[in-house]
Structure formats: C-alpha cells, structure tokens
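Residue-level structure breakdown
Each chain, written out:
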Amino acid sequence: MSREEILSKVNDVFHDVFDDDSIVVVESTTADDVEDWDSLMHITLISEIESAFGMKFQMKDVVGMKNVGEMLDIIEKAVS
Amino acid sequence: MCARETEAQRDSLITFSEVMLMSTFIELKKNLKKDMTGFPEIRMAITGDCATQHLATAVAGAAYEYGLNMSVFDADYDEIRAQITDPSSELYENRPEVVLIDMCTEKLYADFCNLSANERKNFADDKINQMAGYWEMLLSNAKCKVLQFNFPERDDRVFGNYANSIDASFIFQQRKLNLVLMEEAAKHPGVYIIDLNSLQSRVGVERFCDSKLYFAARMPYSTEILPDIAEELMKVIVAMRGCIKKCVVLDLDNTLWGGVIGDDGLEGIQVGELGIGRAFREFQVWLKELKKRGILLAVCSKNDEDKAKEPFEKHPEMVIRLEDIACFVANWEDKASNIKYIRETLNLGMDSFVFIDDNPFERNLVRELIPDITVPEMPEDPAEYLNYLKGLNLFETVAFSAEDAGRTDQYRAEAQRTKVRESFGSYEDYLKDLQMEAYAGPFDKFHYPRIAQLTQRSNQFNLRTVRYTQEEIEALAADDSYITLYFTLKDRFGDHGLVSVVIMKKEDGYAFVDTWLMSCRVLKRTMEDYIVNTIVSTAKSSGFNEIRAEYLPTAKNSMVKDIYKEKGFTETEPGKYICKVDEYKVRDTYIKP
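The rules behind each value
- Residues numbered from 1 in each chain as written.
- Chains lettered and ligands numbered in written order.
- Predicted model: local features only at pLDDT ≥ 70, side-chain atom pairs only at ≥ 80, totals over all residues.
- Helix = DSSP H or I, 4+ residues; strand = E, 2+ residues; numbered from the N terminus.
- Rg over C-alpha atoms; globule rule 2.2 N^0.38 Å.
- Buried ≥ 20, exposed ≤ 12 C-beta atoms within 10 Å, placed from the backbone.
- Contact = placed C-beta atoms within 7 Å.
- Domains from an automatic or database assignment.
- Nonpolar A, V, L, I, M, F, W, Y, C, P; charged D, E, K, R; others polar.
- Pairing = 2+ DSSP bridges.
- Axes fitted to C-alpha atoms, helices over the stretch in contact; angles between N-to-C directions.
- Core = buried A, V, L, I, M, F, W, Y, C linked by C-beta atoms within 7 Å.
- Right-handed = clockwise from strand over helix to strand, strands pointing away.
- pLDDT = per-residue confidence, 0-100.
- Parallel < 35°, antiparallel > 145°, perpendicular 65-115°, else oblique.
- Left-handed = near helix turned anticlockwise from the far one by under 90°.

Our focus in this paragraph is the overall build of chain B. Assigned secondary structure in chain B consists of 26 helices and 17 strands. Taken over C-alpha atoms, the radius of gyration comes to 26 Å for chain B, in line with the 25 Å a tight globule of 593 residues would show. Along the longest, intermediate and shortest principal axes, the C-alpha atoms of chain B span 80 × 70 × 50 Å. Buried residues in chain B amount to 43% of all 593 residues. Here the analysis covers contacts within chain B between residues at least 6 apart in sequence; of these, 71% occur between residues at least 24 apart.

Tallying secondary structure elements over chain A gives four helices and zero strands in all. Secondary structure elements in chain A, listed N-terminal to C-terminal, are α-α-α-α. Its C-alpha atoms give chain A a radius of gyration of 11 Å, near enough to 12 Å, the size a compact globule of 80 residues would have. Across its three principal directions, the C-alpha atoms of chain A cover 30 × 25 × 20 Å. Here chain A, with 80 residues, has 20% of them falling under the buried criterion.

Next up on the list: the domain arrangement of chain B. All names here are of chain B. Split into domains, chain B comes out as domain 1 (4–240), domain 2 (247–392) and domain 3 (423–592). Using only C-alpha atoms to locate each centre, domain 1 and domain 3 end up separated by 38 Å. At the junction of the two partners, domain 1 supplies five residues and domain 3 supplies five residues. Split by residue class, the side of domain 1 that touches domain 3 holds three nonpolar, one polar and one charged.

A few words on the sheet that holds strand S2 (residues 69–74) of chain B. Residue and element names in this part refer to chain B. In space, the five strands of this open sheet follow the order S2-S1-S3-S4-S5, with parallel pairing throughout. Each of the sheet's edge strands pairs with one partner strand only, and the pair in question is S2 and strand S5 (191–194). Each strand of the sheet is rotated relative to its neighbour by a mean of 25 degrees, with strand direction disregarded. Here four bridges tie strand S4 (residues 145–149) to S5, and the two strands are oriented parallel to one another. Bridge assignment links Leu 147 to a residue of S5, and that residue is Tyr 192. In the packing of helix H4 (residues 53–65) onto the sheet, the strands contacted are strand S1 (41–48), S2 and strand S3 (98–102), and the crossing angle to S2 comes to about 170 degrees.

Another aspect to go through is the environment of Leu 431 of chain B. Residue and element names in this part refer to chain B. If you trace the backbone, Leu 431 turns up in helix H22 (residues 427–434). When the C-alpha positions of Leu 431 and Asp 444 are compared, they lie 29 Å apart, and in sequence the two are 13 residues distant. Non-local contacts of Leu 431, meaning those with residues more than four positions away in its chain, are made with Arg 525, Thr 526 and Tyr 590.

Below, the discussion takes up the nonpolar core. Residue and element names in this part refer to chain B. Core analysis: the largest hydrophobic core is formed by 130 residues, its most contacted members being Val 59, Ala 63 and Ile 229. Ranked by residue count, the leading element in this core is helix H14 (residues 226–240), at nine residues. No fewer than three residues from each of domain 1 (4–240) and domain 3 (423–592) sit in this core. Every residue in contact with Ala 63, bar those within four places of it in the chain, is listed here: Ile 42, Leu 68, Met 70 and Met 234. Grouped together as the second largest cluster of nonpolar side chains are 42 residues, Val 248, Ile 269, Ile 320 and Ala 326 included.

One face of the sheet, then the other: side chains in a regular strand alternate in exactly this way. All names here are of chain B. Most of S1 is tucked away, with six of its eight residues classed as buried. Inspection of the sheet shows S1 paired to S2 by six bridges, in the parallel sense. Bridge pairing in S2 links Ala 45 to Phe 73. Once the chain exits S1 it traverses H4 before rejoining the sheet at S2, and the crossover so formed is right-handed.

Residues and elements named next belong to chain B. Counting through the fold element by element, Arg 218 comes out in the loop between helix H13 (211–217) and H14. Put simply, Arg 218 and Tyr 482 are 264 residues apart on the chain and 47 Å apart in space, counted from C-alpha to C-alpha. Once you skip the residues sitting within four places of it in the chain, Arg 218 turns out to touch Cys 50, Ala 51 and Tyr 77.

A word on the confidence of the model for chain A. Mean pLDDT for chain A: 94, with 100% of residues reaching 70 or above. Here helix H3 (residues 59–64) of chain A stands out as the element of chain A with the lowest mean pLDDT, 92, in contrast to helix H1 (residues 3–18) of chain A, whose mean of 96 is the highest.

This part takes up the packing of helix H18 (residues 335–346) of chain B against helix H19 (residues 360–369) of chain B. Residues and elements named next belong to chain B. At a minimum axis separation of 9 Å, H18 and H19 run at an interaxial angle of 60 degrees. The angle between H18 and H19 falls in the class oblique. H19 is crossed by H18, and the crossing has right-handed handedness. Contact with H18, carried on its side by Lys 335, Ala 336 and Ile 339, involves Glu 362, Leu 365, Val 366 and Leu 369 of H19 and no other residues of that element.

Turning our attention to the sheet that holds strand S9 (residues 353–356) of chain B. Residues and elements named next belong to chain B. Strand order in the open sheet formed by four strands is S8-S7-S6-S9, and the pairing between neighbours is parallel. Two strands bound the open sheet, and with one partner strand each, they are strand S8 (325–331) and S9. Recorded for the sheet is a direction-independent mean angle of 15 degrees between the axes of neighbouring strands. Of the strands in this sheet, strand S6 (247–250), strand S7 (296–302), S8 and S9 are in contact with H18, which crosses S8 at around 150 degrees.

This brings us to unusual backbone geometry. All names here are of chain B. One non-glycine residue with positive phi stands out, namely Asp 78, at about 55 degrees. Tracing the sequence through the fold places Asp 78 in the loop between S2 and helix H5 (80–85). With a phi angle near 50 degrees, Gln 435 is a residue other than glycine that sits in the positive phi range. If you trace the backbone, Gln 435 turns up in the loop between H22 and strand S10 (436–441).

All names here are of chain B. The buried fraction of S4 amounts to five of the five residues, a majority that puts the element mostly inside the structure. Side chains Lys 145, Leu 147 and Phe 149 of S4 all project onto a buried face; the interleaved residues Val 146 and Gln 148 project onto the opposite face, where all are buried too. Examined bridge by bridge, S3 and S4 share four bridges and lie parallel to one another. Note that in S4 the partner of Ile 101 across the bridge is Gln 148.

Once that is clear, we can look at the confidence of the model for chain B. All names here are of chain B. The share of residues in chain B with pLDDT of 70 or more is 95%, and the mean pLDDT across the chain is 90. Across chain B, the element-wise mean pLDDT spans from 33 in helix H2 (residues 16–20) up to 98 in S3. Predicted confidence for residues 1–21 stays below pLDDT 50, and this span has 37 contacts to residues more than four positions away or in other chains. On the interface metric, ipTM, the complex scores 0.92, and its pTM is 0.72.

What follows is about the environment of Leu 40 of chain A. Within the fold, Leu 40 of chain A resides in helix H2 (residues 39–53). Leu 40 of chain A gets classed as partly exposed once you count the C-beta atoms within 10 Å, which come to 15. Non-local contacts of Leu 40 of chain A, meaning those with residues more than four positions away in its chain, are made with Gln 53 and His 54 of chain B.

Structure below.
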C-alpha cells in the first residue's frame with residue numbers, strides 16, 4: 001500500500017469517526033487543526049485506524065504521535 | 001421494540017463470535033444524532049472508577065436501536081463514593097431510573113496490591129460490604145434500579161496454578177468476589193449483575209481489553225467490545241421495562257428431531273442415540289429448561305396432527321412431551337397464520353415470541369408477515385443450534401418466581417377450558433360450570449416476588465403501567481398511605497395463582513388507583529367485576545367515599561381504555577375517572593370469594 005493510499009484510507013477513517021466528510025487531513029495535520037479531536041476522540045481514532053488497517057499501535061505511539069505524518073509512518077511500517 | 005436480533009441477523013450469521021458483532025462503536029455513536037422523537041425516554045447514570053465516557057456513548061447509542069431515547073449522566077472519573085454517599089450529588093439531581101456502577105478489575109487489582117498478606121484473605125468480603133453499602137444507599141436515596149458489573153477475571157500468575165490453593169492470591173479473591181456478588185444481588189431486589197466476566201470468557205481477554213487504552217486513558221474496555229457491553233446492558237434494561245420473551249414456537253422435522261416424521265416414521269427419526277440424534281436431544285433438554293423457567297413452548301408444524309404428536313407420545317428418547325407444550329398446532333396452513341392463532345390462544349404480545357425453524361423459507365415468510373416476532377437465523381448444522389441460540393441471549397429476565405415453573409400447566413388448562421366452552425350453550429352456563437373462587441388480600445411477603453414480576457411483565461391489561469421492583473413493593477406494603485390488594489383465582493380445572501394487583505394511594509378525601517393490572521389469561525370471566533367490587537368495598541372500609549382512577553395509554557394497553565367507564569365509573573376528563581362509593585352498584589360475578 002502506497003503512502004498516498006494509506007493517507008486516503010486514513011481520511012476515510014477520520015470522516016467516519018468525526019462523522020464529517022468535509023475533513024481533509026494531510027501529513028502536517030495535528031489535533032489542533034481538527035475540531036473535536038480531543039483526547040477521547042483520539043482513543044476512538046486509534047482503535048478505528050487499527051481495525052481499518054489490521055495493525056496495532058504501541059502505547060508510545062498513542063501518547064507520542066505529533067501529526068498525521070507520524071501516524072502514517074507507523075501505519076506504513078506495520079502494513080508493509 | 002425488541003426485534004433487533006431479527007433484523008441484525010438476517011445476513012445469516014453462523015458462528016458464535018460473529019453473532020456478538022452487531023453495530024460498531026462508531027455506528028452507535030452516530031445513533032446519538034438521529035431523530036428520537038416519539039421514543040420513550042429513560043434516564044441513566046454511570047459512575048465508575050475508570051473512564052466511562054465511551055461506555056456512556058455506546059449505551060445511549062444502543063438504546064436507540066431498542067427504540068429508547070436515553071439520556072446518560074456520566075459522573076466524573078473515580079467519583080463513585082462521592083456521587084453515591086452524598087444525597088445532594090449530581091447523580092441524584094439527575095433523577096436516574098437506572099444507575100450503572102462500573103468498577104474495573106484493573107482498579108480492583110491495584111487495591112488488592114496495597115494490602116498486607118493478612119488483609120488479602122478478607123479482600124472479597126471487605127469489598128462486597130463496600131459495594132452492598134453503595135447499592136443500599138442508591139436504592140434508598142433514589143427510585144432507581146442498580147446495574148453492577150462483575151469483574152472480568154485476570155490472573156496475575158504470581159502463584160501460577162497454585163493460586164487456586166492460596167486464599168491470599170488475587171485470582172482466589174477475585175473469583176470469590178464474583179461469587180459473593182451473586183449472593184448479595186440475590187438479597188437485594190433492584191440490583192442486577194451484568195456478567196462482564198462471562199462476556200470476556202466468550203470473546204477472550206485479547207478482544208475484551210486493550211492495555212494501552214487503560215494505561216493512556218483509564219479505559220478498561222477495548223473500543224471493539226463496547227457495543228457488546230452496551231448490548232448486555234440494554235437487554236437487562238428492556239427486560240426491566242417488561243419487554244421479554246415469553247414463548248418459543250418450534251418447528252418439528254429437522255428442528256426438534258432429525259428427519260421427517262411423515263416420511264421416516266417413529267423409528268426413523270433421529271433423537272437420542274440414533275444418527276445425529278444426540279444434538280437434538282441436547283437441544284430438547286435446553287428447551288425443557290426454558291419451560292421450567294416459565295417460557296412457554298408451542299409447536300407449529302406442517303404435518304398431520306396425529307403424526308406430529310406421535311413422537312411426543314411414543315418415542316422413548318424424546319425429552320419434550322405433550323404436557324410440555326402449551327399450544328400444539330400441526331396442519332398444512334401457512335406458518336404465519338398458525339403463529340397468529342397460537343398468539344391469540346396464549347394471549348401474548350407478538351414481540352414476546354421466538355420462532356425456531358430450520359427451514360429458511362419458513363423463517364423468511366414469518367419474518368415478512370409478522371415483523372414483531374424474533375426469528376433467529378439458525379445454523380445449518382444441528383450440532384450448532386444450542387451454542388448459537390445461547391449466544392443470542394434471548395431470554396433475559398429480571399424476575400423469577402415459583403409460579404413461573406407452573407405456567408405451562410396453566411395455559412394447557414386454559415386450552416381445555418376453551419374446549420369445554422365450545423360445548424356449552426351459553427357463556428354464562430360455562431362460567432357457572434367453572435366454579436370459580438377468588439381470594440383478595442393485602443400484599444404479603446410470600447407474594448412480593450410475583451407481585452413485582454407482574455408489574456414488570458403486564459402490558460395489555462395494565463391501566464397505568466407503573467413498574468415496581470420487589471423492594472418497592474415491600475415498601476408499599478408497609479406504607480400506611482397505601483392500600484394494596486392482590487387477587488388469586490382458581491376454578492375446577494386448576495389454579496391460576498396470583499392474577500391481579502391493585503395499589504391505591506390514600507389522598508386527601510379520596511383513594512387514587514395507582515395500579516390496576518390483571519393477567520389476560522382470566523379475561524372475561526367476570527374477574528374484572530369482582531376486582532372493581534373489591535376496590536370499592538376496600539376503599540369504603542378504609543373510610544373513603546370517593547375513588548379516583550386513571551387510564552394512561554401505551555402502545556399495548558388499549559384493551560382497557562374504557563374499562564372504568566364500563567364498570568360504572570364516571571369520566572371527568574379524558575382518561576380520568578371518579579366513583580362515589582355510596583352510589584356504586586355492586587356488579588354481578590360468577591366468582592365466589
């Protein structure tokens with residue numbers, strides 16, 4: 001799966017989790033850029049991305065990811 | 001609306017674990033934005049020693065699937081003690097009808113680890129005292145029911161398998177705690193244990209929790225298991241509201257036995273030791289257990305009646321016998337019509353029926369024509385019938401009384417009465433011939449469970465549909481400002497047991513009928529008249545010359561909308577009635593006191 005494909009699928013998950021199809025996330029997007037992306041939503045997002053990609057984040061990822069780009073790095077590594 | 005199983009399982013779900021997956025957490029969350037106009041409202045409060053926000057979302061979302069508009073007060077993190085012990089807390093301010101206490105195993109373990117070796121031996125006993133204390137405070141401070149999670153088992157393996165012999169090991173104390181939780185719940189009417197441990201053992205710890213979520217956010221449950229937990233909660237909540245299964249309608253060929261009785265004959269059908277007969281025998285054992293719990297069994301089969309009955313009468317390895325069947329229908333009519341006939345005979349709501357048939361054509365026909373009935377999508381292999389049906393957990397209940405076990409006999413006696421009735425010239429002659437005798441008395445402790453259960457179950461003949469727990473019934477019985485009455489009825493065919501409940505509140509200058517409900521089994525026997533006579537005479541002897549009464553309409557109780565008027569009360573405004581005791585004409589009945 002290419003990084004672009006991963007990003008596109010991640011966008012789908014965001015639409016689903018935030019119930020808002022107008023959201024567009026890019027590599028540099030952070031929690032501050034998306035309305036409602038609080039710590040609770042973050043947990044839901046983590047779980048949904050895990051099930052969408054069939055992978056597991058580590059705890060350090062959950063507390064340490066700084067932007068969507070870092071999220072993509074981890075997914076890319078796990079699914080390659 | 002308890003038809004969710006039927007809808008969700010149309011897509012032929014077979015294996016056990018798949019059955020549990022009905023909605024995702026995201027789907028439940030989206031439900032919260034949907035239109036719930038017209039849905040009955042229910043107020044719930046959750047207090048836990050872990051993060052409960054997502055659980056609250058999942059439960060409210062699952063409530064939508066059951067046609068309920070649930071508002072959830074979700075207390076702040078780790079405030080159980082403060083919320084419950086302070087009568088002016090936010091929890092009580094929200095006047096919840098249901099309170100969920102969510103204590104997690106992770107916290108339990110942390111508490112355990114802080115104790116000395118000596119204290120550990122008493123851990124379960126100390127913990128249960130604390131928990132029972134919470135329940136009692138909740139029950140006395142709020143008119144609510146309490147839902148308590150038990151503790152999903154986690155063995156720390158510090159002692160390995162030897163932990164089973166060490167009373168100061170965590171797993172020893174945790175298992176003991178889960179056991180004493182059951183014992184204490186049995187002593188506390190109004191408290192219901194939600195068996196998370198059972199759920200965890202079905203799906204496995206790996207699926208049940210996600211450790212990083214607990215460490216990062218104090219969430220003891222994985223996102224993927226939240227819908228299952230919400231489902232368990234909702235099943236108990238709708239059972240509290242009277243929505244329970246009361247009758248299983250069974251097909252025969254290849255459902256109750258292997259083979260076709262009409263083709264294979266008595267010796268050829270498989271039940272017991274022959275062929276795949278053990279699977280059917282085990283299935284029958286389970287159905288018989290349901291019958292003993294008070295679930296009615298009915299037969300709906302495309303067969304000649306005498307052939308269909310033959311195995312029940314003559315096959316030595318059949319577990320279910322004719323006397324276990326409340327209503328037996330075997331003919332060549334379509335099954336939907338036959339099920340409607342069974343429903344009329346047993347006089348139960350369609351949503352309390354489950355239809356079990358191995359044939360997909362029949363299942364689809366029945367689903368199509370009777371939307372309210374629950375029709376499990378059966379697995380192809382009869383060896384899987386049992387695990388599949390157990391997995392659906394269709395028979396949730398919140399009460400059990402000794403009378404439940406005899407329910408089938410009562411319905412069978414009713415079927416006999418129907419036959420006798422047909423042979424009498426006039427209905428009055430028939431009623432006379434029944435030799436009915438009734439008893440009326442104030443609530444007593446022997447009958448508390450049955451009275452509470454009737455207030456929970458009765459939907460049709462129920463004037464105001466007020467639900468009471470056993471504890472509330474006990475309190476009413478002891479309260480001087482209430483007049484309580486229960487009624488039993490028997491006739492020459494058998495004993496109906498406790499069939500009606502009346503609760504009157506003593507107001508200034510009049511008695512108000514808070515509750516009048518009656519079992520539909522005894523409709524139109526002049527029992528209604530006997531009860532109204534008793535209401536009036538009891539009010540009179542308590543010093544009242546005026547009775548006020550009310551009809552509150554629900555989706556199911558239209559049968560009694562005019563009953564007060566019919567029995568001689570005067571309507572003052574829509575649904576409100578009044579009766580002057582000294583002007584009341586005692587009504588004729590065929591019932592002797």
